Amino acid sequence: MNEKFYALPQEKQDRILNAGFRVFSKNSYKKSPMLEIANEADISKSLLFFYFRNKKELYLFLMKKAEEITLEHLIKSGCYQESDIFEMMYKGLLAKAELMKKYPDMSNFALKAYYEDDEEVKDELQKIIAPYKSIKTNTAIPRLDPKEYKEGLDLELMYQDMYLASEGYIYQMQHQGEVDVDKVVSDYRRIIDFWKQLYKR
């Protein structure tokens with residue numbers, strides 16, 4: 001699938017991906033013209049159609065690609081192997097920071113696509129999104145040993161609070177214009193260390 005696209009050098013693939021993420025993140029599906037994406041990627045419109053038959057194919061490909069790229073970076077970061085919840089979250093943030101450098105508009109695109117209701121893509125989008133709706137990824141608590149934390153602490157609430165604060169911080173940074181990724185990482189390290197002092201024995 002998409003053999004012609006994958007035959008391209010990685011640099012050109014990333015240019016097309018970033019162009020698609022950027023244009024679709026700024027507009028609705030319907031109001032995102034292929035010509036604008038082609039211009040953003042610095043290729044001709046006909047060449048873009050050579051790689052993707054139509055706008056719908058490109059849009060759904062970008063959604064699947066965002067999922068694939070994110071999972072790949074999270075696995076590579078080692079966050080899923082980390083036993084310490086604070087270091088797990090920090091490593092996850094490092095993976096997201098790397099993604100922000102390589103694909104600065106990807107998370108905004110994914111968020112916008114999550115709520116896209118255009119009839120042309122809605123049903124197939126929901127098939128991609130469905131697994132994330134059916135499991136409580138955002139609220140499931142990792143295994144935590146109560147002995148490591150302050151007595152009487154609600155560990156599930158602690159984790160949810162940290163998770164939401166982390167997501168909110170990243171969201172806020174992304175909507176303040178160009179993101180200083182190094183500052184995000186530095187700030188988050190301080191936040192993680194603060195949480196450790198606050199919650200651990």
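Above: the structure in question.
Below is a short write-up of the structure. (Residues numbered from 1 in each chain as written. Predicted model: local features only at pLDDT ≥ 70, side-chain atom pairs only at ≥ 80, totals over all residues. Heavy atoms only, no water.)

## Remarks on the overall build of the protein
Regarding its fold elements, the protein presents 10 helices and zero strands. For the protein, the α and β elements follow one another from N to C terminus as α-α-α-α-α-α-α-α-α-α. Within the span of the protein, comprising 201 residues, buried residues form 42% of the whole. When contacts within the protein are restricted to residue pairs at least 6 apart in sequence, those whose partners lie at least 24 apart make up 68%. For the protein, the exposed surface amounts to about 12000 Å²; the carbon and sulfur share of it is 53%. Positive and negative side-chain charges in the protein, numbering 32 and 34 respectively, have mean positions lying 2 Å apart. (Helix = DSSP H or I, 4+ residues; strand = E, 2+ residues; numbered from the N terminus. Buried < 20%, exposed > 50% of the residue type's maximum accessible area, 1.4 Å probe, protein only. Contact = heavy atoms within 4.5 Å. Areas by Shrake-Rupley, 256 points an atom, 1.4 Å probe, with all protein chains shown as cover. Lys, Arg positive; Asp, Glu negative; His and termini not counted. Charge placed at Lys NZ, Arg CZ, Asp CG, Glu CD.)

## Considering the packing of aromatic side chains
By the definition in use, this model includes 17 aromatic pairs. Aromatic pair Phe5 and Phe52: ring centres 5.4 Å apart, planes at 50 degrees, arrangement tilted. One end of the pair, Phe5, is in helix H1 (residues 3–6); the other, Phe52, is in the loop between helix H4 (45–51) and helix H5 (55–77), with 47 residues separating them in the sequence. For the pair shown, Phe5 and Phe52 are each scored as buried. Between Phe86 and Tyr149, the ring centres sit 6.3 Å apart and the planes meet at 45 degrees, which makes this aromatic pair tilted. With Phe86 in helix H6 (residues 85–102) and Tyr149 in the loop between helix H8 (122–134) and helix H9 (155–174), the pair connects residues that are 63 residues apart, well separated along the chain. When its relative accessible area of 2% is taken as the criterion, Tyr149 is described as buried. One aromatic cluster in this structure is built from Phe21, Phe24, Tyr29, Tyr59, Tyr103 and Phe109. Seen from the ring of Tyr149, Lys200 lies directly overhead, with NZ or CZ sitting 5.8 Å from the centre. (Phe/Tyr/Trp six-rings, centres within 6.5 Å; stacked < 30°, edge-to-face > 60°. Lys NZ or Arg CZ within 6 Å of the ring centre and 35° of its normal.)

## Topic: the nonpolar core
Core analysis: the biggest nonpolar cluster contains 34 residues, and Ile16 and Leu48 have the highest contact counts within it. Of all elements in the fold, only helix H2 (10–26), helix H3 (34–41), H4, H5, helix H7 (106–114) and H8 reach the threshold of two or more residues within this core. Considering every element that reaches this core, the biggest residue donor is H5, with eight residues. Not counting residues up to four positions away in its chain, the partners in contact with Ile16 are Phe5, Leu8, Ala41, Ile43, Leu48, Tyr51 and Phe52. Judged by nonpolar contacts, the second largest core, of 28 residues, contains Tyr149, Ile170, Val181 and Tyr188. (Core = buried A, V, L, I, M, F, W, Y, C linked by side-chain atoms within 4.5 Å.)

## Thoughts on the pattern of salt bridges
Inspection of every chain in the model, using the stated rule, returns 16 salt bridges. Its salt-bridge partner being Glu87, residue Arg189 comes within 3.0 Å of it at the nearest N-O pair. Placement of the pair is Arg189 in helix H10 (residues 181–199) and Glu87 in helix H6, with a sequence separation of 102 residues. Where Arg190 meets Asp187, a salt bridge forms, and the shortest distance between an N and an O atom there is 3.9 Å. Remark: Asp187 and Arg190 occur in helix H10; sequence separation between them is three residues, near one turn of the helix. Among the charged side chains, a salt-bridge network with shared partners connects Glu87, Arg189, Asp193 and Lys196. (Salt bridge = Lys/Arg side-chain N within 4 Å of Asp/Glu carboxyl O.)

## What about the environment of Pro131?
Inspection of the secondary structure puts Pro131 in helix H8. Note on Pro131: relative accessible area 41%, which makes it partly exposed. The spacing of Pro131 and Pro33 is 98 residues in sequence and 29 Å in space, taken between C-alpha atoms.

## Examining the environment of Tyr171
Examined against the element boundaries, Tyr171 turns out to sit in helix H9. You can call Tyr171 partly exposed: its relative accessible area is 43%.

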